[in-house]
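Overview (structure and organization)
Chain by chain, the residues:
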Amino acid sequence: MTDADLLRSFGVDPSQLDPAPPWVPRQSAGAERLDGSHPCVRCGEPARATVGVAAPGHGRRWLDRCMPCLIATTPSGGPRAPLADMLAVLRQAAHEAGVDLTVVADES
């Protein structure tokens, strides 16, 4: 997932995020920001994690998240099945559960 995809998935307007420096060492990435004064972009709770992201048209911005939202939105890694295979499993599960399902997927 690209930084732009991540921001889009949160529905975050990059212009509303604080500007971040062009490069921050990972070990110190925004440690000074984690003083409880910055809200999580997803739920509004105090942020406990932050990272600089590339926001197209806006430069680098801080993406502040609380721990539950960080965990919920961090890709788990590992090999991923092709999108068509994942959708087939989802459709089958919905069929077996008797649920009407419409899947909209961006395959780009």
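Below, the structure is looked at part by part.

Criteria and cut-off values
Residues numbered from 1 in each chain as written. Predicted model: local features only at pLDDT ≥ 70, side-chain atom pairs only at ≥ 80, totals over all residues. Heavy atoms only, no water. Helix = DSSP H or I, 4+ residues; strand = E, 2+ residues; numbered from the N terminus. Expected span 1.5 Å × (residues − 1). Buried < 20%, exposed > 50% of the residue type's maximum accessible area, 1.4 Å probe, protein only. Arc of directions from axis to C-beta. Contact = heavy atoms within 4.5 Å. Pairing = 2+ DSSP bridges.

In this section: helix 3 (residues 83-97). Helix length check: helix 3 (15 residues) gives 21 Å between terminal C-alpha atoms against 21 Å at 1.5 Å per residue, within 8%. Gly-98 sits one or two residues past helix 3 and shows a positive phi near 70 degrees.

Buried residues of helix 1 (residues 3-10): Leu-6, Leu-7 and Phe-10, and no others. Axial view of helix 1: buried residues confined to an arc of 95 degrees, hence all on one face. Elements in contact with the buried residues of helix 1: strand 1 (49-55), strand 2 (59-65) and helix 2 (67-73). Gly-11 sits one or two residues past helix 1 and shows a positive phi near 70 degrees.

In this section: the pairing of strand 1. The element strand 1 is largely enclosed, with a buried count of five among its seven residues. Bridge count between strand 1 and strand 2: seven bridges; the pairing is antiparallel. Paired with Thr-50 across the two strands is Asp-64, which belongs to strand 2. Joining the antiparallel neighbours strand 1 and strand 2 is a turn of three residues, in which Gly-57 adopts a positive phi near 85 degrees.

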